[in-house]
Every structure is written in C-alpha cells, then in structure tokens.
Amino acid sequence: MRLHYHPLSSYSRKVAIGIGLRGDSVELRVLDALGGELKTPAFRALNPFGKMPVLESKEGPIYESTSILEYLEERGPRRLLPAGQERRARHFDRVGDHYLLDPLGAYFWDKSDAARDKALARTGTAWEVLGRALADGRKFLCGDEITLADLSAAVAAHIAETEEVPVPDDILRYQERLEAHPVLRASREGAAPFVEATKPRRVKKP
Ligand SMILES: N[C@@H](CCC(=O)N[C@@H](CS)C(=O)NCC(=O)O)C(=O)O
C-alpha cells in the first residue's frame, strides 16, 4: 500500500500518525502538492476532489482521512478504534476535523480577519469541549492510549501554536502528553520546515 501525502498537510499528518501508531507497512509518497500535483489528471484519478491524503490499496484508491484509517482498522489489528470506545473515538475525530482542522487549515493559508475570527470561535469552543472530556484526569480522549479521537486534535494544537491561535493550558498539557510519543513528535518535526518555508505565501487575501 502507498499513501500519497505531504508533511505540511494536516489531514495527511493525521493519517500518517495513525499509520505510524498502528505499525502498518505503507510506503509514504510525498506529493508535489506545492507544485500543483493535486490538480493533475493523474491525481484526480485517485481523488476526484483533488485533496490529500490518498491511500492506494489493492482495492483501489481510498480518500478521506477517516475512511483511510477505518479501512486499515477493519483489516486489523484494532488500534485506533478500541472495542467499547468506537463511538467516542469517532465523535472526537469528527469534532477535531470540523471545528479544529478545517478552520485552522483555512486560516493557515488565508490570513484575513474573517478567517481568523472563524478559527478563534470554532477552536475556542472545540478546546472547551475537549477540555471537559479530559477533565476526569484521563491521559487521552479515550483513556490511556492515543486513538482516532486524538489525531486531529494533536495536529490542530501544533497548527494553532504556529499560527498564534490561543490554546488553553489544559489543552497544552494534553498536547505535551501527545507529543511525548515519538510518532507525534516526528510529525511535528516533519511539518516544521514547510510551515516556515510557506510563510511568505500565507498572507491576507486582498
Ligand atoms: N475531508 C478531507 C480533507 C482533506 C483536505 O482538506 N486536504 C487538504 C490538505 S490538509 C488538501 O488537499 N487541500 C488542497 C486543496 O483543497 O486544493 C479528509 O479528511 O481527508
């Protein structure tokens, strides 16, 4: 299997982290995303929506980050959707995608006041929701192990930090617990040079 991804892309990072935690043998292929590869007919044949990541599997291309991870989990071993925790894990995965990664991803590229206001409002509520879910002292959203519930939040906390979007202290402590894991640390380190290099392209749109 081969994952077409980019170390800067938040949804790519979510899937690459999931694969790293699961220990799947998947070749990671870095797309020339900044050079326009997502718009090519060859890439559109893999994902008609032109978005990364995409997993090339023996059953054909699979896109949508959660669908890719569910595909891998269905084939075992169960690692990101532990028995008895599936509903909770899927719920926080949805919260993380819609209210953290999407608004932060938009603000990452478009530094308009509107994009910043939306990112602040959405992430502010999402951090409160996650804070309440962690308030019983659990290490991660589903307990002692990192699961699907935590992946978008982990990537989002890093993007919020790079884009100077406020993150509450309880979430910063959660982020520290997440990034103590070598797979999550490697994801941050892989993204960092691209975050820096793309800064001149990430400006307020006219
Ligand atoms: N819902 C999709 C979102 C994927 C997505 O938005 N990917 C971004 C990179 S993080 C992308 O490919 N953006 C390029 C574009 O929209 O042209 C998923 O979960 O995989």
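Quick summary incoming for the structure in this document. Quick caveat: nothing in here was measured; it's all calculated off a predicted structure. (Residues numbered from 1 in each chain as written. Predicted model: local features only at pLDDT ≥ 70, side-chain atom pairs only at ≥ 80, totals over all residues. Heavy atoms only, no water.)

**Considerations on the overall build of the chain**
So, step 1. When you go through the chain residue by residue, the secondary structure sums to eight helices and four strands.
So, step 2. Walking the chain from its N terminus toward its C terminus, one meets helices and strands in the order β-α-β-α-β-β-α-α-α-α-α-α.
So, step 3. Summarising its shape, the C-alpha atoms of the chain cover approximately 50 × 50 × 25 Å along the three principal directions.
So, step 4. Within the chain, the fraction of its 206 residues that count as buried is 50%.
So, step 5. Of all intrachain contacts in the chain linking residues separated by at least 6 positions in sequence, the fraction that spans at least 24 positions is 71%.
So, step 6. Counting only carbon and sulfur atoms, one obtains 53% of the accessible surface of the chain, whose full area is about 10,100 Å². (Helix = DSSP H or I, 4+ residues; strand = E, 2+ residues; numbered from the N terminus. Buried < 20%, exposed > 50% of the residue type's maximum accessible area, 1.4 Å probe, protein only. Contact = heavy atoms within 4.5 Å. Areas by Shrake-Rupley, 256 points an atom, 1.4 Å probe, with all protein chains shown as cover.)

**Describing helix H4 (residues 86-109)**
So, step 1. The end-to-end C-alpha distance of H4 is 33 Å, a good match for the 34 Å that 24 residues give at a rise of 1.5 Å each.
So, step 2. Along H4, the helix axis deviates most sharply at aspartate 97, where the bend reaches about 35 degrees.
So, step 3. If you check which residues of H4 are buried, you get Ala89, Phe92, Asp93, Val95, Gly96, Asp97, Leu100, Leu101, Pro103, Leu104, Tyr107 and Phe108.
So, step 4. Where H4 is buried, its residues touch helix H1 (10-22), helix H3 (65-74), helix H5 (113-134), helix H6 (148-162) and helix H8 (182-197). (Expected span 1.5 Å × (residues − 1). Bend = angle between axes of the 7 residues up to and from the residue.)

**Thoughts on unusual backbone geometry**
So, step 1. With an omega of 5 degrees, the peptide bond between methionine 52 and proline 53 qualifies as cis.
So, step 2. Checked against the element boundaries, proline 53 lands in the loop between helix H2 (41-46) and strand S3 (54-57).
So, step 3. A cis amide bond links glycine 76 to the next residue, proline 77, at an omega of -10 degrees.
So, step 4. Tracing the backbone through its elements, the reader meets proline 77 in the loop between H3 and H4.
So, step 5. The residue glutamate 64 is not glycine, and still its phi comes out positive at about 80 degrees.
So, step 6. The backbone of glutamate 164 sits at a positive phi, close to 55 degrees, despite the residue not being glycine.
So, step 7. Owing to a relative accessible area of 65%, glutamate 164 belongs among the exposed residues under this scheme.

**Some thoughts on the packing of aromatic side chains**
So, step 1. Tallying each qualifying case throughout the model produces two aromatic pairs.
So, step 2. Between phenylalanine 108 and tryptophan 109, the ring centres sit 5.4 Å apart and the planes meet at 80 degrees, which makes this aromatic pair edge-to-face.
So, step 3. Judged by its relative accessible area of 33%, tryptophan 109 falls in the partly exposed class.
So, step 4. Above the plane of the ring of tyrosine 107 lies lysine 111, whose end atom (NZ or CZ) is 4.4 Å from the centre.
So, step 5. Here arginine 202 stacks its cationic end above the ring of phenylalanine 108, 3.8 Å away from the centre of that ring. (Phe/Tyr/Trp six-rings, centres within 6.5 Å; stacked < 30°, edge-to-face > 60°. Lys NZ or Arg CZ within 6 Å of the ring centre and 35° of its normal.)

**Quick word on the side chain of aspartate 93**
So, step 1. Counting through the fold element by element, aspartate 93 comes out in helix H4.
So, step 2. Among the polar contacts made by the side chain of aspartate 93, one reaches the side chain of arginine 94 at a distance of 3.1 Å.
So, step 3. Contacts of aspartate 93, omitting those with residues within four sequence positions, involve Lys14, Thr66, Leu148, Ala149 and Ser152. (Polar contact = N/O pair within 3.5 Å; in protein donor to acceptor, adjacent residues only side chain to side chain.)

**Let's talk about the nonpolar core**
So, step 1. If you look at the biggest cluster of nonpolar residues, it comprises 55 residues, and the most contacted ones within it are Leu3, Leu55, Trp127, Leu130, Leu141, Leu151 and Tyr174.
So, step 2. Elements with a contribution of two residues or more to this core: strand S1 (2-5), H1, H3, H4, H5, H6, helix H7 (169-179) and H8.
So, step 3. Counting residues domain by domain, this core receives three or more from each of domain 1 (2-74) and domain 2 (86-201).
So, step 4. In this structure leucine 141 touches Arg88, Phe92, Leu130, Ala133, Leu134, Ala149, Asp150 and Tyr174, once residues within four positions along its chain are discounted. (Core = buried A, V, L, I, M, F, W, Y, C linked by side-chain atoms within 4.5 Å. Domains from an automatic or database assignment.)

**Thoughts on the pattern of salt bridges**
So, step 1. Under the defined criterion, the tally for this structure stands at 20 salt bridges.
So, step 2. Put simply, arginine 2 and glutamate 27 hold a salt bridge, and the shortest N to O gap is 3.3 Å. Placement of the pair is arginine 2 in strand S1 and glutamate 27 in strand S2 (residues 27-30), with a sequence separation of 25 residues.
So, step 3. A relative accessible area of 43% means that glutamate 27 is categorised as partly exposed. (Salt bridge = Lys/Arg side-chain N within 4 Å of Asp/Glu carboxyl O.)

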